[in-house]
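# Remarks on the overall topology
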Amino acid sequence: MTDYLSSLNEPQRQAVMHGEGPLMIIAGAGSGKTRVLTFRIAHLIENGVDPFRILSLTFTNKAAAEMRHRIETSVGYEARNIWMGTFHSVFAKILRIEAKYLGYTSNFSIYDTDDSKSLLRSIIKEFNLDDKVYKANAVFNRISGAKNRLVSADDYLNNSIIQADDKAARMPEIGRLYKAYTVRCFQANAMDFDDLLFNTNVLFRDFPEVLYKYQHKFHYVMVDEFQDTNVSQYLITRKLSAVHQNICVVGDDAQSIYAFRGANIENILNFEKDFPAVRTIKLEQNYRSTQNIVNTANSVIARNKAQLRKEVFTENEEGTLIDVIKANSDNEEGRLVVTSIFEEKMQGSLRNNDFAILYRTNAQSRSFEEALRRLGIKYRIVGGLSFYQRKEIKDLLAYLRFIVNQQDEEAFKRIINLPKRGIGDTTVAKITVSAAENSVPIWDVVSNIHQYVSGRATVPIDKFAYLIKSFMLMIDQGKDAFEVATHVAKTSGILRELYEDKTVEGLSRYENVQELLNAIKEFVDNPENEDKTLGTFLQSVALLTNADEPDDDGDNDRVTLMTIHSAKGLEFKNVYVVGMEEDLFPSQMMLESRQDLEEERRLFYVAITRAEQKLTFSYAESRYQWGRLKMCEPSRFLLEVDQRFLNTTKATREMATRETQPAPMGFLKNITQKTAPSRAPVATHQPSEGFAPSDTSGLTEGQKVEHPKFGFGVVSKMDINGTDRKATVKFDAVGEKTLLLSFAKLRIV
Ligand code: ATP
Ligand code: MG
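We now turn to the structure provided with this report. Counting of residues starts from 1 at the beginning of each chain's written sequence and follows it residue by residue. Chain A is the first chain written and ligand 1 is the first ligand written, with later ones labelled in order. For this predicted model, a pLDDT threshold of at least 70 governs which residues receive local features, and a threshold of 80 or more governs which side-chain atom pairs are given and counted, while totals over whole chains, interfaces and linings are taken from all residues. Side-chain measures here rest on the full set of heavy atoms in the structure, leaving out hydrogens and waters.

## Some points on the site of ligand 1
Cut-off, in case you're wondering: For each residue, the test is whether any non-hydrogen atom lies within 4 Å of the molecule or strand; if one does, the residue is near. N or O atoms closer than or at 3.5 Å make up a polar contact, with two conditions inside protein: a donor-capable atom paired with an acceptor-capable one, and, for residues adjacent in sequence, both atoms drawn from side chains. Helix and strand definitions follow DSSP, with helices as H or I runs of at least four residues and strands as E runs of at least two, each counted in order from the N terminus. Amino acids outside the nonpolar list (Ala, Val, Leu, Ile, Met, Phe, Trp, Tyr, Cys, Pro) and the charged list (Asp, Glu, Lys, Arg) are all regarded as polar, and Gly is one of them.
In the neighbourhood of ligand 1, 18 residues make up the surrounding shell, with Lys33, Thr34, Gln255, Glu571 and Arg610 lying closest. A distance of 2.8 Å separates a nitrogen atom of ligand 1 from a polar side-chain atom of Gln12. Counting residues per element, the shell around ligand 1 draws most heavily on helix α2 (residues 33–46), at 3 residues. For the shell around ligand 1, the class distribution of residues is 3 nonpolar, 10 polar and 5 charged.

Laid out in structure tokens, this is it:
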């Protein structure tokens, strides 16, 4: 038996060694699902399976790269030949090979969400619809939802239920917009993200010979994070494995957090119907986290009604209790969390890489970034406005896209007057509308502009067409991506314009473009990339997910800041789940139904289970939102946690000391006070002199109380549910509030 098999427990070993036939592993967080998948692939290759015949679908490209790397250490460079990546990247590759079946060419563009919305805005305008009713974002979401359910534009228009639904939503024209959008994408030889899956389904449905080819190519299909696949993704994998039946899916229903994007837990239930021969293996031992963390997670998820019951236990050490940090403002939350990171780092000789700060929404990162910078701690932000979303980067990429695909309407709109060459919006609109009306590609209009537009406006367009032709020639001559891109950056005038802008922002934009050129150079020099053309580079960039961002300098030891959604599948020694407040987490938008609230709770479960050794929750009592200071209450999730695992003394100590002296910062006091005057908390109430919290264990309805911020009020309702005690208090100044008694400071008057 090979070495690696000895580092597995019995059910894991069975899963790795399972031969032919469908296999499903639905198991709790940290129980080794991803590890099993990795070892299983290595095991197959060691037993003679050709890596070209293995298809493995992961959630991020980074996860795929890590998996490939691990497999490579046991089976060698052969691991490079595994078909491994995200659904989008793998099927984009297949669509390029088979493009002609669908009437596309293999150099099709991939529209990102900005491109899609910009195209929708043009169409909404052309249809003379009110853009306050038809918001591009809302229209895009509806179309995307339809595609993920495999509803085509024609199906959409013919479906009376959908039509009635759109009418009720006062957007009866969505079907027509969807149709026009589809036609325009096709004319532009472009697919959006959803199309990559939708069109793969069409390809496999309408061309059985193509399906046959891939069914016989891939002998083994593996899917990680199966709970987050949508209908469209599930159908693809089901079809691909229909012949050989060698499909292995791993997932955790308790971690399903993408229902809002069409992911469907039903897939897990359907799997047993679609593959009746399925062997199901349970993994119950968690290897990632301490007992306290595992038990905390179990106590949270037990509240969900919709779930498959399963046990999770660990033999790891008990570990420390879960700290709760309470701050008076979002800025203070940033400082307290970062101070805690600093202290933990010193005490536990940990590295920056061992820490993650997880939040519900990207916008929360600011206060942590400020505090980290102040203490000189390096960090990386995953997601948010990423490198490839910056304007100057998208501008140069748009040039490159248009050179590869001259039908790309969105790329065209971006570059036609960039740098400025005196081509006005009216002329641009004339060009796109002429192309649409005559059903010809944009490039046909641009390169024969005299047939469509007369007068002086044609001069700069002729020049533009000439410039683009000269770039296209380079591609025909077989120049690689770097040669073409550098030439384009210089000759188009993009670099010059940025170079002449001597402001700090201008300089950083110039550097960013240089950085993009560096990335292209790296791509060309990488021996793993056989195809060094611009088209291939563009594809790899278009499919980067938020979690795949490069670090901007060589130093990789950084604290990670990211949303909980992007933390799925990852692990860190020390995790801070921040912003634990009502309306923020659970999000205000997820409080309308039990299903939504349960999805938020699963998200909380994902957050908790990322931690290996130490977990901390934090919340602020006030924060700025949309420019206004808002009072916040601790999240209901904090109360749902079995209180035995929480250490709230930090919350209490901070609270108690703060009222008598400025925020205590331990030995960092001087640094923080000098450079960071805290934003004064807005006191709605001055607590009475000598305010001391009372013992509220015997609190009853009708009692008069004082709260340090909300002032005086009367208890109108008590809610005692196990260890969770809540009081609803009618305050004179701020109205009714429900308070969690283990957190709230109340003085019985
Ligand atoms: P998630 O649900 O969060 O995706 P997972 O089930 O995929 O988690 P893994 O990431 O595969 O879990 O494993 C969690 C951690 O436990 C990893 O660090 C992994 O190396 C370790 N691990 C898993 N199984 C074993 C084992 N038998 N012996 C030692 N360590 C293990
Ligand atoms: Mg995993």
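## Side note on unusual backbone geometry
The omega angle of the peptide bond from Leu418 to Pro419 is -5°, so this bond is cis rather than trans. Tracing the chain through its elements places Pro419 in the loop between α18 (409–415) and α19 (425–437). Note the cis peptide between Phe585 and Pro586, where omega equals 10°. With respect to the helices and strands, Pro586 occurs in the loop between β15 (572–577) and α26 (594–608). Even without glycine at this site, Glu225 takes up a positive phi of about 55°. Checked against the element boundaries, Glu225 lands in the loop between β6 (220–223) and α12 (231–240).

## Quick look at the sheet that holds β15
Quick note on the threshold: Pairing between strands requires that DSSP locate at least two bridges from one strand to the other. By the convention used here, residues are in contact when the closest approach between their heavy atoms is within 4.5 Å. Inter-axis angles, ranging from 0 to 180 degrees, are taken between N-to-C directions of lines fitted to C-alpha atoms, where helices are fitted over the stretch in contact.
The 7 strands lie next to each other as β13-β14-β12-β15-β16-β11-β19, forming an open sheet whose pairing is parallel. Because the sheet does not close on itself, it has two edges, and the strands there are β13 (379–381) and β19 (646–647). Pairing between strand β11 (residues 322–327) and strand β16 (residues 611–620): 5 bridges, direction parallel. The partner of Ile325 across the bridge, within β16, is Ser618. Running at roughly 130° to β16, α26 makes contact with β12 (355–359), β15 and β16 of the sheet.

## With respect to helix α1 (residues 10–17)
Since one α-helical turn is 3.6 residues long, residues separated by three or four positions face the same way. Spelled out, the test is: Only protein chains enter the calculation, and the probe is 1.4 Å; a residue is then buried if its accessible area is under 20% of its type maximum, exposed if over 50%, and partly exposed in between. By arc we mean the arc of the directions from the helix axis to the C-beta atoms, nothing more.
Taken together, the buried positions of α1 are occupied by Gln12, Ala15 and Val16. In a view along the axis of α1, the buried residues occupy a sector of 100°, so they form one face of it. Contacts made by the buried residues of α1 are with β1 (23–26), α2 and β8 (279–281). Two to three positions downstream of the cap, the backbone nitrogen of Gln12 sits 3.0 Å from a side-chain oxygen, assigning the N-cap of α1 to Asn9.

## Quick notes on the side chain of Ser587
Along the chain, the position of Ser587 falls in the loop between β15 and α26. On the basis of relative accessible area, Ser587 is assigned to the buried category, the value being 8%. Setting aside anything within four residues of it in sequence, one finds Ser587 in contact with Arg360 and Glu600.

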